Amino acid sequence: MTQEFNNADHLQTLAKGLKVIEAFDNHDHLTISAAAKLTNISRPTARRVLITLVNLGYAQALDNRFYLTPKILSLGYSYMTARDSWEITTTLLRELSKQTNESSSIAKLVGEEIVYVGRVPANKIMNISLNIGTHLPAYATSMGKLLLAQKSESELQEFFATATLEALTPNTIYKEVDLRKEFEEIREKGWAISEDQLEIGLMSIAAPIRNMQGEIIAAINCSTNSSRTTRKEVEDNYLSPLLETAELISRNTEIELPF
């Protein structure tokens, strides 16, 4: 759902500046008077906007005419790069699901929960419906465990002081001492697995997605039905393609993905 903001937060100066930039559409140059007329703003305001664009390198002035420079293209580059990165990520997620014949997902850690930001379903293996935007308790999921394991000691202390931890199934690891031990193992291995902890019949394995600085910003997983697959089979069959996909996504993250 698109977020709406109060009109009091609307920055008129920026809005007028963008109007002037848009006014160059179908015009190779503008004078101050033309910019003011096309945007319906005052001539002094149009002048300040155009001079600001020149000072920032987005325009140049010649004989009282203003021309946009190639630098103006950089304003749209971040959007295009983010979209391209996300399209690459979605394609890789689909390939992983096709390769394993299982569902694949990407999630971020938000507070005490993970939030699904990408998903390619294969077979329905859970009673609850998983979609983009779904929230799940982090401590009981493979992606959540992996992301929690990367937290600093102070962040973990805050998590354990505020999180609601309970047994969701007879197999859920939810006590602090046990979770800390599991987090240590995850840090050593570099990946995480959860079997029948969120829901009986669900097993998933997760790997980290990193940004260009090497920081873990999200997690990717493969999930399957634990009643027809053993933990060893999951590690043998899914871990390698999962790690490869996580590495490919991380490598293509030229900017932070729009998670």
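Residues numbered from 1 in each chain as written. Predicted model: local features only at pLDDT ≥ 70, side-chain atom pairs only at ≥ 80, totals over all residues. Heavy atoms only, no water.

Student: Describe in detail helix α8 (residues 231–251), supporting the description with residues and values.
Tutor: Here α8 spans 28 Å end to end across 21 residues, near enough to the 30 Å set by a 1.5 Å rise per residue. At Y238, α8 is bent by approximately 45°, the largest bend along its length, and proline P241 sits one to four residues beyond. Turning to α8, its buried residues number three or more, namely V234, Y238, L239, P241, L242, T245, A246, I249 and S250. (Helix = DSSP H or I, 4+ residues; strand = E, 2+ residues; numbered from the N terminus. Expected span 1.5 Å × (residues − 1). Bend = angle between axes of the 7 residues up to and from the residue. Buried < 20%, exposed > 50% of the residue type's maximum accessible area, 1.4 Å probe, protein only.)

Student: Break down the packing of aromatic side chains for me, citing the residues and quoting the values.
Tutor: Tallied over the full model, the rule gives two aromatic pairs. Centroid distance F159 to F160: 5.2 Å. Interplanar angle 70°. Geometry classified as edge-to-face. A relative accessible area of 12% places F160 in the buried class. Among the aromatic residues, ring-to-ring pairing joins F159, F160 and F183 into one connected group. Across from the ring centre of Y58, 4.7 Å away, lies the NZ or CZ of K71, which sits over that ring. Over the aromatic face of W191 sits the side chain of K189, whose NZ or CZ is 4.1 Å from the ring centroid. (Phe/Tyr/Trp six-rings, centres within 6.5 Å; stacked < 30°, edge-to-face > 60°. Lys NZ or Arg CZ within 6 Å of the ring centre and 35° of its normal.)

Student: Provide a residue-level description of the packing of helix α6 (residues 153–162) against helix α7 (residues 176–189), including the pertinent values.
Tutor: Direction vectors running N to C along α6 and α7 enclose 145°, while the axes themselves pass 12 Å from each other. Remark: the crossing between α6 and α7 carries right-handed chirality. In this structure, α6 uses E153, L156, Q157 and F160 to contact α7, whose residues at the interface are E176, L179, R180, F183 and R187. Grouping the constituent residues of the contact of α6 with α7 by class yields four nonpolar, one polar and four charged. (Axes fitted to C-alpha atoms, helices over the stretch in contact; angles between N-to-C directions. Left-handed = near helix turned anticlockwise from the far one by under 90°. Contact = heavy atoms within 4.5 Å. Nonpolar A, V, L, I, M, F, W, Y, C, P; charged D, E, K, R; others polar.)

Student: So what's going on with the side chain of E102? Residues and values would help.
Tutor: Within the element layout of this structure, E102 appears in the loop between α4 (74–100) and β3 (103–110). Among the polar contacts made by the side chain of E102, one reaches the side chain of Y238 at a distance of 3.0 Å. (Polar contact = N/O pair within 3.5 Å; in protein donor to acceptor, adjacent residues only side chain to side chain.)

Student: An account of the sheet that holds strand β7 (residues 202–210) is requested, with residue identities and associated values reported.
Tutor: The six strands lie next to each other as β5-β4-β3-β8-β7-β6, forming an open sheet whose pairing is antiparallel. The sheet is open, and its two edges are formed by β5 (135–137) and β6 (192–195), each paired on a single side. Direction aside, neighbouring strands of the sheet carry axes that sit 35° apart on average. Sheet analysis places β3 next to strand β8 (residues 216–225), joined by five bridges and oriented antiparallel. Across the sheet, the residue bridging to S103 is S223, located in β8. Those strands touched by helix α5 (residues 142–149) are β3, β4 (113–120), β6, β7 and β8, and its axis lies near 150° from that of β8. (Pairing = 2+ DSSP bridges.)

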